[in-house]
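# Summary of structural features
Chain by chain, the residues:
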Amino acid sequence: MKPQHLLITESFFTDMIPALNAALAKADIPMSVRLRADGSASSDDYQWADSWLGFQAPRPALHPTIRWFHSASDGVNQFLPLREEIATHQVLLTNTVGTMPERIAEFCVAAILGHIVGLPRYRAYQDAGEYRRHPNPTALGRKLTVIGTGRIGSMIAQRLRPFLEGAADRIAESSGARALGGTADRDGATSPAESLVRGLSLSGREKPEFDAVAPLASGRYLSDADILVVILPDTPQSKNIVNAQVLHALQGAIVVNVGRGSTLDSAALRTAIESGSVSHAILDVFETEPLPADDWRWHHPAVTLTPHVSGYTFFSDVIDDFIANLRALYAGQTPPHTVTLSQGY
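Owing to the predicted nature of the structure, the values given are computational and were not obtained by experimental measurement.

On to the nonpolar core. If you look at the biggest cluster of nonpolar residues, it comprises 31 residues, and the most contacted ones within it are Ile147, Val242, Leu247, Leu250, Leu269, Ile273 and Val278. Of all the elements in the fold, those that place two or more residues in this core are strand S8 (212-215), strand S9 (227-230), helix H8 (244-247), strand S10 (253-257), helix H9 (266-275) and strand S11 (278-283). In terms of residue count, the dominant contributor to this core is H9 (four residues). Residues in contact with valine 242, not counting those within four places in the same chain, are Ile147, Val230, Leu247, Thr263, Leu264 and Asp265. Membership of the second largest hydrophobic core comes to 30 residues, among which are Phe107, Ile112, Leu113 and Val197.

Right under this line is the structure:
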């Protein structure tokens, strides 16, 4: 397959077109690009196209000339209803990863460390004009569990590890090291011999970025977790997979969700916060976006919200991964970001 006619059907990408054309010229790939504003693409446009780029895909069954669909985001849940058509018509689906693993990992580092050292509390003091000091807690010696050990989960583990490892036994004291999240009834810090960075996945397959990985169904690495990060795709199998059983196994952990909102049971999270199983929740994704104004999470003191910005899509990421996939196709190779819809990612 050597695609030559790319159709883009969302006006969001208007400002990206000059850079995309420049990248195609630099790669010396003879591809024409048509941009049609939302809902304005004609039947002639679809018959002309052999490839498509965007967020909300047209149906393969209705547009059989399109042989390649490139998602502008890493998540492909919007394609799941089309998986039978995609399989039947044997079309290619790729996605955009770009710098998303690094940026989501940076978000996790900033949000988690900021909460542990008490930055929100000091912001409140500043707003009140109060000069107050407290012993500064540390992340050293805390145990991290990441649910989802793919590219992004592995990067989160890699970036957080340096803040967890170190001379924890000399720094983390039982009187205050875990006061702003994490299990408060365990004295001292984790022994260097113990696993600090653990992963949970459906398979439990080992990954080099983790000290240990187990199947999520095993229930391991929850009761002693100080930090639980959820980074799962939106699939039928993952809906509310972080449920009451998972959350109530925790003992005062910080919970962070940067995957998809549908994977975390909101009602179970509220109960877990009220019972003390979860000390604080940092949520960047929600089952309904934007989050409704009357949702309990807006004003709960144990919840920090951000509007799905941890892995914001940049045009440079879309272009780089699109060109990488296109080069592979012209070389007769499998594109590096091919999606297997049967797995949901």
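Moving on, there is more to tell.
This paragraph deals with the sheet that holds strand S1 (residues 5-8). Taken together, the five strands give an open sheet; going across it, the order is S2-S1-S3-S4-S5, and neighbouring strands pair in parallel fashion. Because the sheet does not close on itself, it has two edges, and the strands there are strand S2 (32-35) and strand S5 (92-94). Strand-to-strand twist across the sheet, computed as the mean angle between neighbouring axes with direction ignored, equals 20 degrees. Across three bridges, S1 lies against strand S3 (residues 51-54) in parallel orientation. Counted as the bridge partner of leucine 7 is tryptophan 52 from S3. Contacts between helix H1 (residues 17-26) and the sheet are confined to S1 and S2, with S2 contributing the most and set at about 170 degrees to the helix.

Looking now at the pattern of salt bridges. When their charged atoms lie close together, side chains carrying opposite charge are able to pair. Using the criterion set out here, one finds 14 salt bridges in the structure. With its nearest N and O atoms 3.0 Å apart, the salt bridge here joins aspartate 45 to arginine 36. Judged by relative accessible area, which is 4%, aspartate 45 ranks as buried. The class for arginine 36 is partly exposed, based on a relative accessible area of 27%.

By secondary structure assignment, the location of threonine 14 is in the loop between S1 and H1. Here the alpha-carbon distance between threonine 14 and isoleucine 323, two residues 309 residues apart in the chain, equals 18 Å. Of note is the side chain of threonine 14, whose polar atom sits 2.7 Å from the backbone oxygen of serine 11.

For the rest of this paragraph, the subject is unusual backbone geometry. Excluding glycine, most residues fall at negative phi; most peptide bonds, likewise, are trans. Glutamate 289 connects to proline 290 through a cis peptide bond whose omega is 0 degrees. Mapped onto the elements, proline 290 comes out in the loop between S11 and strand S12 (303-305). Although it is not a glycine, glutamine 90 adopts a positive phi angle of roughly 50 degrees. Following the sequence through the fold, glutamine 90 ends up in the loop between helix H3 (83-89) and S5.

Strands sit in the order S8-S7-S6-S9-S10-S11-S12 across an open sheet of seven strands; the sheet is parallel. Each edge of the open sheet is held by one strand with a lone partner, namely S8 and S12. Between one strand and the next, the sheet's axes are offset by a mean angle of 15 degrees, whatever the strand orientation. Relative to S11, S10 is paired through five bridges, and the arrangement is parallel. Following the sheet pairing, valine 255 is matched in S11 by alanine 281. The strands touched by helix H6 (residues 151-164) are strand S6 (144-147), strand S7 (197-201) and S9; relative to S6, the strand with the most contacts, the crossing angle is about 175 degrees.

Residues spaced three or four apart along an α-helix point in a common direction, a consequence of the helix completing one turn every 3.6 residues. Taking 1.5 Å of rise per residue, the 14 residues of H6 would be expected to cover 20 Å, and the 20 Å separating its terminal C-alpha atoms lies within 8% of that figure. Along H6, the residues that are buried comprise Ile152, Gly153, Ser154, Met155, Ile156, Ala157, Leu160, Arg161 and Leu164. Count one or two residues on from H6 and you reach glycine 166, which has phi positive near 130 degrees.

Okay, the environment of serine 71 next. Along the chain, serine 71 falls in strand S4 (residues 68-71). Relative accessible area serves as the criterion here: at 0%, serine 71 is assigned to the buried category. Sequence spacing of serine 71 and threonine 94 is 23 residues, and the spatial spacing of their C-alpha atoms is 6.1 Å. When near neighbours in sequence (up to four residues on either side) are disregarded, serine 71 contacts Gly54, Val76, Gln78, Phe79, Thr94, Asn95 and Thr96.

Moving on to the packing of aromatic side chains. Inspection of every chain in the model, using the stated rule, returns ten aromatic pairs. Between tryptophan 52 and phenylalanine 69 the ring centres are 6.0 Å apart and the planes differ by 50 degrees, which places this aromatic pair in the tilted class. On the criterion of sequence distance, the pair formed by tryptophan 52 in strand S3 and phenylalanine 69 in strand S4 is long-range, its members being 17 residues apart. Since its relative accessible area comes to 0%, tryptophan 52 is described here as buried. It is arginine 34 that lies over the ring of tryptophan 48; its NZ or CZ is 4.1 Å from the centre. Between arginine 121 and the ring centre of tyrosine 122, over which it is positioned, the NZ or CZ distance is 5.8 Å.

The rules behind these values
- Residues numbered from 1 in each chain as written.
- Predicted model: local features only at pLDDT ≥ 70, side-chain atom pairs only at ≥ 80, totals over all residues.
- Heavy atoms only, no water.
- Core = buried A, V, L, I, M, F, W, Y, C linked by side-chain atoms within 4.5 Å.
- Buried < 20%, exposed > 50% of the residue type's maximum accessible area, 1.4 Å probe, protein only.
- Helix = DSSP H or I, 4+ residues; strand = E, 2+ residues; numbered from the N terminus.
- Contact = heavy atoms within 4.5 Å.
- Pairing = 2+ DSSP bridges.
- Axes fitted to C-alpha atoms, helices over the stretch in contact; angles between N-to-C directions.
- Salt bridge = Lys/Arg side-chain N within 4 Å of Asp/Glu carboxyl O.
- Polar contact = N/O pair within 3.5 Å; in protein donor to acceptor, adjacent residues only side chain to side chain.
- Expected span 1.5 Å × (residues − 1).
- Phe/Tyr/Trp six-rings, centres within 6.5 Å; stacked < 30°, edge-to-face > 60°.
- Lys NZ or Arg CZ within 6 Å of the ring centre and 35° of its normal.

Any functional reading would require information beyond the geometric quantities listed.
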